[in-house]
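Take a look at the letters that make up each chain.
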Amino acid sequence: MATKLYFNHDAGVDDLVSLFLLLQMDDVDLIGVSVIPADGYLEPGMKASRKIIDRFGAFDKTKSIEVARSNSRGVNPFPAEWRMHTFFVDALPILNESGTIRTGAAAKPAHQHMIEQIRQSEEKVTLLFTGPLTDLARALDEAPDIEEKIEKLVWMGGTFNEKGNVQEPEHDGTAEWNAFWDPEAVHRVWASTLSILLVALESTNKVPLTMEVRNRWASLRKHEGLDFVGQCYAACPPLVYMETNSTYYLWDVLTTAVVGNPELVAIKTVNSAVIKEGASQGRTVERADGRPVSLVYDVDPVRFFDYITELSASAV
Ligand code: AGV
Ligand code: CA
(Lines give C-alpha, C1' and ligand atoms only; values in the text may rest on other atoms or scores of the structure.)
(Ligands and ions follow the chains in the order given, each with its own letter.)
Protein backbone atom coordinates (compact mmCIF):
# COMPACT_ATOMS: atom_id res chain seq x y z
CA MET A 1 0.00 0.00 0.00
CA ALA A 2 1.27 3.47 -0.89
CA THR A 3 2.43 5.81 1.88
CA LYS A 4 0.20 8.89 2.26
CA LEU A 5 2.61 11.78 2.52
CA TYR A 6 2.36 15.51 3.24
CA PHE A 7 5.42 17.55 2.27
CA ASN A 8 6.40 20.92 3.83
CA HIS A 9 9.55 22.48 2.36
CA ASP A 10 11.38 25.80 2.35
CA ALA A 11 12.05 26.40 -1.35
CA GLY A 12 15.78 25.73 -1.50
CA VAL A 13 17.29 23.89 -4.48
CA ASP A 14 17.36 20.54 -2.69
CA ASP A 15 13.80 21.09 -1.38
CA LEU A 16 12.52 21.52 -4.93
CA VAL A 17 14.55 18.58 -6.25
CA SER A 18 13.02 16.57 -3.37
CA LEU A 19 9.53 17.41 -4.62
CA PHE A 20 10.53 16.22 -8.09
CA LEU A 21 11.84 12.93 -6.64
CA LEU A 22 8.73 12.30 -4.51
CA LEU A 23 6.66 12.52 -7.68
CA GLN A 24 8.72 9.65 -9.15
CA MET A 25 8.17 7.27 -6.20
CA ASP A 26 5.49 4.68 -7.05
CA ASP A 27 4.81 3.81 -3.42
CA VAL A 28 4.35 7.41 -2.27
CA ASP A 29 0.94 9.07 -2.49
CA LEU A 30 1.48 12.81 -2.09
CA ILE A 31 -1.60 14.40 -0.48
CA GLY A 32 -0.41 17.99 -0.12
CA VAL A 33 2.55 20.36 -0.28
CA SER A 34 3.33 23.59 1.53
CA VAL A 35 6.08 26.19 1.24
CA ILE A 36 7.61 28.11 4.13
CA PRO A 37 9.82 31.09 3.23
CA ALA A 38 12.92 30.14 5.24
CA ASP A 39 15.86 29.16 2.99
CA GLY A 40 14.00 30.51 -0.05
CA TYR A 41 11.35 33.03 -1.12
CA LEU A 42 7.63 32.36 -0.93
CA GLU A 43 6.15 33.36 -4.31
CA PRO A 44 8.79 31.72 -6.56
CA GLY A 45 8.71 28.75 -4.16
CA MET A 46 4.95 28.41 -4.65
CA LYS A 47 5.16 28.76 -8.43
CA ALA A 48 8.14 26.42 -8.81
CA SER A 49 6.39 23.76 -6.69
CA ARG A 50 3.19 23.98 -8.73
CA LYS A 51 5.13 23.84 -12.01
CA ILE A 52 7.19 20.83 -10.85
CA ILE A 53 3.96 18.97 -10.01
CA ASP A 54 2.54 19.92 -13.43
CA ARG A 55 5.62 18.90 -15.36
CA PHE A 56 6.82 15.84 -13.47
CA GLY A 57 3.76 14.46 -11.66
CA ALA A 58 1.40 11.89 -13.18
CA PHE A 59 -1.92 13.66 -13.81
CA ASP A 60 -4.12 10.94 -12.30
CA LYS A 61 -2.03 10.92 -9.10
CA THR A 62 -1.61 14.68 -8.70
CA LYS A 63 -4.80 16.26 -10.02
CA SER A 64 -6.17 17.05 -6.57
CA ILE A 65 -2.89 18.18 -4.93
CA GLU A 66 -2.73 21.80 -3.83
CA VAL A 67 0.27 23.84 -2.70
CA ALA A 68 -0.21 26.03 0.39
CA ARG A 69 1.62 29.20 1.45
CA SER A 70 3.00 29.36 4.94
CA ASN A 71 2.53 32.56 6.90
CA SER A 72 5.08 31.48 9.52
CA ARG A 73 8.17 33.61 10.13
CA GLY A 74 11.39 32.56 11.79
CA VAL A 75 13.53 33.92 14.57
CA ASN A 76 16.86 33.76 12.72
CA PRO A 77 16.62 34.58 8.98
CA PHE A 78 18.61 32.74 6.29
CA PRO A 79 21.19 34.65 4.19
CA ALA A 80 19.45 36.29 1.19
CA GLU A 81 22.21 34.96 -1.08
CA TRP A 82 21.04 31.37 -0.48
CA ARG A 83 17.38 32.30 -0.65
CA MET A 84 17.81 33.72 -4.16
CA HIS A 85 18.14 30.15 -5.52
CA THR A 86 14.34 29.87 -5.55
CA PHE A 87 14.06 32.44 -8.35
CA PHE A 88 16.57 30.53 -10.43
CA VAL A 89 14.68 27.20 -10.23
CA ASP A 90 11.33 28.89 -10.90
CA ALA A 91 12.78 30.44 -14.07
CA LEU A 92 14.15 27.21 -15.60
CA PRO A 93 12.83 26.84 -19.18
CA ILE A 94 11.74 23.22 -18.62
CA LEU A 95 9.27 24.44 -15.97
CA ASN A 96 8.00 27.28 -18.16
CA GLU A 97 7.60 25.59 -21.52
CA SER A 98 3.83 25.19 -21.21
CA GLY A 99 3.29 28.82 -20.14
CA THR A 100 0.45 27.92 -17.76
CA ILE A 101 0.09 26.54 -14.21
CA ARG A 102 -2.56 23.92 -13.52
CA THR A 103 -1.82 22.82 -9.94
CA GLY A 104 -3.77 25.02 -7.55
CA ALA A 105 -2.66 27.23 -4.69
CA ALA A 106 -4.56 26.43 -1.47
CA ALA A 107 -6.77 29.09 0.13
CA LYS A 108 -5.68 28.16 3.66
CA PRO A 109 -2.25 28.89 5.13
CA ALA A 110 0.18 25.97 5.26
CA HIS A 111 -0.38 24.77 8.82
CA GLN A 112 -4.18 24.80 8.41
CA HIS A 113 -3.95 23.17 4.98
CA MET A 114 -1.89 20.39 6.56
CA ILE A 115 -4.42 19.96 9.39
CA GLU A 116 -7.21 19.69 6.83
CA GLN A 117 -5.38 17.15 4.68
CA ILE A 118 -4.48 14.98 7.69
CA ARG A 119 -8.06 15.06 9.01
CA GLN A 120 -9.46 14.16 5.59
CA SER A 121 -7.13 11.23 5.07
CA GLU A 122 -8.56 7.80 5.82
CA GLU A 123 -5.11 6.41 6.54
CA LYS A 124 -2.34 7.70 8.75
CA VAL A 125 -0.13 10.31 7.12
CA THR A 126 3.66 10.51 7.01
CA LEU A 127 5.04 14.05 7.28
CA LEU A 128 8.19 15.05 5.39
CA PHE A 129 9.70 18.37 6.51
CA THR A 130 12.83 19.66 4.77
CA GLY A 131 12.84 23.13 6.32
CA PRO A 132 12.08 24.48 9.81
CA LEU A 133 9.32 22.89 11.92
CA THR A 134 7.29 26.07 12.50
CA ASP A 135 4.17 25.00 10.57
CA LEU A 136 4.06 21.66 12.36
CA ALA A 137 4.45 23.28 15.80
CA ARG A 138 1.54 25.61 15.00
CA ALA A 139 -0.59 22.77 13.63
CA LEU A 140 -0.07 20.72 16.81
CA ASP A 141 -1.10 23.73 18.94
CA GLU A 142 -4.24 24.40 16.89
CA ALA A 143 -5.30 20.80 16.29
CA PRO A 144 -3.97 18.33 18.89
CA ASP A 145 -6.27 15.67 17.37
CA ILE A 146 -3.99 15.27 14.32
CA GLU A 147 -1.20 13.75 16.40
CA GLU A 148 -2.77 10.30 16.37
CA LYS A 149 -3.29 10.49 12.59
CA ILE A 150 0.43 11.04 11.93
CA GLU A 151 2.36 7.87 11.15
CA LYS A 152 5.70 9.60 11.67
CA LEU A 153 7.66 12.77 11.01
CA VAL A 154 10.72 12.57 8.76
CA TRP A 155 12.75 15.75 9.28
CA MET A 156 15.96 17.15 7.83
CA GLY A 157 17.38 19.01 10.78
CA GLY A 158 19.66 19.06 13.79
CA THR A 159 22.99 17.42 14.56
CA PHE A 160 24.75 15.87 17.52
CA ASN A 161 28.15 16.61 16.02
CA GLU A 162 30.34 19.26 17.69
CA LYS A 163 30.06 21.36 14.55
CA GLY A 164 26.76 22.43 12.97
CA ASN A 165 26.38 24.50 9.79
CA VAL A 166 25.36 27.92 11.16
CA GLN A 167 28.06 30.56 10.74
CA GLU A 168 26.58 33.73 12.14
CA PRO A 169 28.19 36.47 14.28
CA GLU A 170 26.15 35.80 17.41
CA HIS A 171 26.23 32.00 17.29
CA ASP A 172 28.81 29.41 18.38
CA GLY A 173 28.37 27.24 15.24
CA THR A 174 26.93 24.16 16.95
CA ALA A 175 23.43 24.24 15.41
CA GLU A 176 21.99 23.07 12.09
CA TRP A 177 20.17 25.82 10.16
CA ASN A 178 16.62 24.40 10.05
CA ALA A 179 16.68 24.06 13.85
CA PHE A 180 18.31 27.49 14.27
CA TRP A 181 15.64 29.30 12.18
CA ASP A 182 13.02 28.43 14.81
CA PRO A 183 14.37 26.59 17.89
CA GLU A 184 11.06 27.02 19.76
CA ALA A 185 9.28 25.00 17.04
CA VAL A 186 11.74 22.12 17.49
CA HIS A 187 11.03 22.26 21.22
CA ARG A 188 7.27 22.12 20.58
CA VAL A 189 7.52 19.14 18.24
CA TRP A 190 9.83 17.33 20.68
CA ALA A 191 7.11 17.78 23.32
CA SER A 192 4.64 15.82 21.18
CA THR A 193 4.25 12.02 21.08
CA LEU A 194 5.10 11.85 17.36
CA SER A 195 7.57 9.28 16.21
CA ILE A 196 10.47 11.27 14.72
CA LEU A 197 13.03 10.16 12.14
CA LEU A 198 15.84 12.70 12.08
CA VAL A 199 18.11 13.06 9.07
CA ALA A 200 20.79 15.22 10.65
CA LEU A 201 24.24 16.42 9.54
CA GLU A 202 25.80 13.10 10.68
CA SER A 203 24.57 11.50 7.45
CA THR A 204 24.11 14.49 5.13
CA ASN A 205 27.81 15.42 5.55
CA LYS A 206 28.54 12.17 3.69
CA VAL A 207 26.69 13.28 0.53
CA PRO A 208 28.24 16.54 -0.68
CA LEU A 209 27.65 17.90 -4.17
CA THR A 210 30.90 17.12 -6.01
CA MET A 211 32.14 17.56 -9.59
CA GLU A 212 31.92 13.80 -10.04
CA VAL A 213 28.21 13.83 -9.18
CA ARG A 214 27.62 16.82 -11.42
CA ASN A 215 29.45 15.28 -14.36
CA ARG A 216 27.50 12.05 -14.00
CA TRP A 217 24.21 13.95 -14.26
CA ALA A 218 25.56 15.95 -17.22
CA SER A 219 26.42 12.73 -19.06
CA LEU A 220 22.81 11.57 -18.61
CA ARG A 221 21.08 14.82 -19.56
CA LYS A 222 19.22 13.20 -22.44
CA HIS A 223 16.80 12.14 -19.69
CA GLU A 224 14.75 15.25 -19.00
CA GLY A 225 14.50 14.50 -15.28
CA LEU A 226 18.29 14.40 -14.93
CA ASP A 227 18.69 17.50 -17.08
CA PHE A 228 16.33 19.22 -14.62
CA VAL A 229 18.31 18.01 -11.58
CA GLY A 230 21.60 19.06 -13.19
CA GLN A 231 20.24 22.52 -14.03
CA CYS A 232 18.96 22.99 -10.47
CA TYR A 233 22.29 22.09 -8.89
CA ALA A 234 24.14 24.35 -11.35
CA ALA A 235 23.20 27.17 -8.93
CA CYS A 236 25.05 25.54 -6.02
CA PRO A 237 28.79 25.53 -5.25
CA PRO A 238 30.28 22.01 -5.14
CA LEU A 239 32.82 20.68 -2.65
CA VAL A 240 36.22 20.93 -4.34
CA TYR A 241 39.17 21.57 -2.00
CA MET A 242 37.56 22.21 1.36
CA GLU A 243 34.19 23.00 2.88
CA THR A 244 33.10 26.67 2.85
CA ASN A 245 29.96 28.28 4.28
CA SER A 246 28.21 27.84 0.93
CA THR A 247 29.27 24.24 0.15
CA TYR A 248 26.18 22.30 -0.85
CA TYR A 249 25.20 18.86 0.46
CA LEU A 250 22.22 16.76 -0.63
CA TRP A 251 20.60 17.35 2.77
CA ASP A 252 16.91 17.26 1.79
CA VAL A 253 17.37 14.83 -1.06
CA LEU A 254 18.87 12.27 1.33
CA THR A 255 15.93 12.84 3.69
CA THR A 256 13.49 12.27 0.82
CA ALA A 257 15.40 9.20 -0.36
CA VAL A 258 15.01 7.69 3.13
CA VAL A 259 11.22 7.83 2.63
CA GLY A 260 11.49 5.93 -0.67
CA ASN A 261 14.30 3.56 0.34
CA PRO A 262 15.01 3.25 4.09
CA GLU A 263 17.65 0.59 3.40
CA LEU A 264 20.14 3.23 2.26
CA VAL A 265 20.81 4.37 5.83
CA ALA A 266 21.64 3.23 9.36
CA ILE A 267 19.43 4.35 12.26
CA LYS A 268 19.81 4.42 16.05
CA THR A 269 17.76 5.86 18.91
CA VAL A 270 19.04 8.99 20.66
CA ASN A 271 17.49 10.78 23.64
CA SER A 272 17.66 14.46 22.92
CA ALA A 273 16.65 18.04 23.68
CA VAL A 274 17.04 21.39 21.91
CA ILE A 275 18.68 24.55 23.24
CA LYS A 276 16.24 27.43 22.78
CA GLU A 277 18.27 30.54 23.58
CA GLY A 278 21.70 32.10 23.59
CA ALA A 279 24.85 31.39 21.58
CA SER A 280 23.97 27.70 21.00
CA GLN A 281 20.32 28.24 20.10
CA GLY A 282 18.98 25.56 17.80
CA ARG A 283 21.60 23.05 18.92
CA THR A 284 20.23 19.53 19.46
CA VAL A 285 21.96 17.70 22.31
CA GLU A 286 21.96 14.15 23.67
CA ARG A 287 20.43 13.95 27.14
CA ALA A 288 19.79 10.82 29.18
CA ASP A 289 16.35 12.20 30.13
CA GLY A 290 15.68 13.63 26.64
CA ARG A 291 12.93 12.56 24.25
CA PRO A 292 13.77 9.61 22.00
CA VAL A 293 14.25 10.23 18.27
CA SER A 294 15.44 7.86 15.55
CA LEU A 295 18.66 9.32 14.18
CA VAL A 296 19.93 8.52 10.70
CA TYR A 297 23.66 8.48 11.51
CA ASP A 298 25.12 6.81 8.43
CA VAL A 299 24.49 6.35 4.69
CA ASP A 300 26.02 4.42 1.82
CA PRO A 301 26.79 7.32 -0.57
CA VAL A 302 27.29 5.11 -3.64
CA ARG A 303 23.92 3.41 -3.25
CA PHE A 304 22.29 6.77 -2.46
CA PHE A 305 23.56 8.50 -5.60
CA ASP A 306 22.67 5.47 -7.73
CA TYR A 307 19.16 5.48 -6.28
CA ILE A 308 18.42 9.15 -6.92
CA THR A 309 20.05 9.08 -10.35
CA GLU A 310 17.94 6.10 -11.45
CA LEU A 311 14.79 7.60 -9.98
CA SER A 312 15.44 10.89 -11.82
CA ALA A 313 16.17 9.09 -15.09
CA SER A 314 12.78 7.35 -14.83
CA ALA A 315 10.88 10.67 -14.98
CA VAL A 316 8.90 11.45 -18.11
O1 AGV B 1 20.90 22.91 6.88
C2 AGV B 1 20.47 22.31 5.73
C3 AGV B 1 19.18 22.90 5.18
C4 AGV B 1 18.52 21.93 4.20
O5 AGV B 1 17.13 21.84 4.45
N6 AGV B 1 19.32 24.16 4.38
C7 AGV B 1 19.66 23.71 3.02
C8 AGV B 1 18.82 22.46 2.80
O9 AGV B 1 17.66 22.82 2.06
C10 AGV B 1 20.08 25.27 4.94
C11 AGV B 1 21.52 25.46 4.50
C12 AGV B 1 22.67 25.17 5.22
N13 AGV B 1 23.77 25.49 4.48
C14 AGV B 1 23.34 25.99 3.28
C15 AGV B 1 21.92 25.98 3.28
C16 AGV B 1 24.02 26.46 2.11
N17 AGV B 1 25.36 26.47 2.03
N18 AGV B 1 23.26 26.88 1.08
C19 AGV B 1 21.93 26.86 1.14
N20 AGV B 1 21.23 26.42 2.21
CA1 CA C 1 15.48 22.88 3.01
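Provided above is the structure to which this section pertains.
This is a predicted model, so every value here is computed, not measured. (Residues numbered from 1 in each chain as written. Chains lettered and ligands numbered in written order. Predicted model: local features only at pLDDT ≥ 70, side-chain atom pairs only at ≥ 80, totals over all residues. Heavy atoms only, no water.)

(A) Summary view of the coordination of the calcium ion (ligand 2). Donor atoms from the polypeptide that bind the calcium ion (ligand 2) are Asp 10 (OD), Asp 15 (OD), Asp 15 (OD), Thr 130 (O) and Asp 252 (OD), placed at 2.3 to 2.6 Å. For the calcium ion (ligand 2), all donor residues lie on one chain, and their spacing in sequence is D-x4-D-x114-T-x121-D. With Asp 15 in helix α1 (residues 13-22) and Asp 252 in helix α14 (residues 251-260), this residue pair connects regions lying 237 residues apart in the sequence. An identical accessibility class is assigned to Asp 15 and Asp 252; each is buried. (Donors = N, O, S within 2.8 Å, 3.2 Å for Na, K, Ca; no water. Helix = DSSP H or I, 4+ residues; strand = E, 2+ residues; numbered from the N terminus. Buried < 20%, exposed > 50% of the residue type's maximum accessible area, 1.4 Å probe, protein only.)

(B) Representation of the environment of Ala 80 within the structure. Positionally, Ala 80 belongs in helix α4 (residues 80-83). For Ala 80 and Asp 39, which are 41 residues apart along the polypeptide, the C-alpha to C-alpha distance reads 8.2 Å.

(C) Here's a closer look at the layout of surface pockets. Roughly 490 Å³ of volume is contained in the largest pocket. Contributing to the lining of the largest pocket are 33 residues, with Trp 82, Asn 165, Trp 177, Thr 247 and Trp 251 lying nearest its centre. Counting only elements with at least two residues in the lining of the largest pocket, the list comes to α1, α4, α9 (177-181) and α14. Each residue belonging to the lining of the largest pocket can be placed in one class, and the counts come to 11 nonpolar, 13 polar and 9 charged. (1 Å grid on protein atoms, 1.4 Å probe; cavity = no way out; pocket = protein on both sides within 12 Å on 5 of 7 lines; lining within 4 Å. Points joined across faces, edges and corners; volume = space filled by probe spheres on them. Nonpolar A, V, L, I, M, F, W, Y, C, P; charged D, E, K, R; others polar.)

(D) Region of interest: the site of ligand 1. Ligand 1 sits among 17 residues. The nearest are Asp 14, Asp 39, Thr 130, Glu 176 and Asp 252. For ligand 1, an oxygen atom lies 2.5 Å from a polar atom in the side chain of Glu 176. Ser 246 is positioned with one of its backbone polar atoms (N or O) 3.4 Å from a nitrogen atom of ligand 1. Here ligand 1 occupies the largest pocket. For the shell around ligand 1, the secondary structure elements donating two or more residues are α1, α9 and α14. When its residues are assigned to classes, the shell around ligand 1 shows 6 nonpolar, 6 polar and 5 charged. (Near = heavy atom within 4 Å. Polar contact = N/O pair within 3.5 Å; in protein donor to acceptor, adjacent residues only side chain to side chain. Sits in = over half its atoms within 2 Å of the grid points.)

(E) Expanded view of the sheet that holds strand β4 (residues 104-105). Here we have 10 strands laid out as an open sheet, ordered β4-β3-β2-β1-β5-β6-β7-β10-β8-β9, and mixed in their pairing. Of all strands in the sheet, those with a lone pairing partner are β4 and β9 (284-286), marking the two edges. Bridge count between strand β6 (residues 150-156) and strand β7 (residues 196-199): 4 bridges; the pairing is parallel. Directly across from Val 154, in β7, lies its bridge partner Leu 197. In the packing of α1 onto the sheet, contacts are made with β1 (3-9), β2 (28-35) and β5 (125-129), and the angle to β1 comes to roughly 165°. (Pairing = 2+ DSSP bridges. Contact = heavy atoms within 4.5 Å. Axes fitted to C-alpha atoms, helices over the stretch in contact; angles between N-to-C directions.)

(F) The arrangement of empty space enclosed by the protein in detail. According to the stated counting rule, one finds 1 cavity of 30 Å³ or more in the structure shown. A volume near 30 Å³ is recorded for the largest cavity. Around the largest cavity, the lining residues are Val 17, Leu 21, Trp 217, Val 229, Tyr 233, Leu 250, Val 253, Ile 308 and Ser 312. Of the residues belonging to the lining of the largest cavity, the class tally is 8 nonpolar, 1 polar and no charged.

(G) Spatial organisation of the packing of α14 against helix α15 (residues 301-313). Contact geometry for α14 and α15: axes closest at 11 Å, N-to-C directions at 80°. Accordingly, the angle class assigned to the pair α14 and α15 is roughly perpendicular. The segment α14 lies against α15, with Val 253, Leu 254, Ala 257 and Gly 260 engaging Phe 304, Tyr 307 and Ile 308. Partitioned by chemical class, the residues of the contact of α14 with α15 number 6 nonpolar, 1 polar and no charged. (Parallel < 35°, antiparallel > 145°, perpendicular 65-115°, else oblique.)

(H) A look at the pairing of strand β8 (residues 265-274). By the bridge criterion, 8 bridges tie β8 to strand β10 (residues 291-299) in an arrangement that is antiparallel. What sits directly across from Lys 268, in β10, is Leu 295. Relative to β9, β8 runs antiparallel, the two sharing 3 bridges. Bridge pairing in β9 places Ala 273 opposite Val 285.

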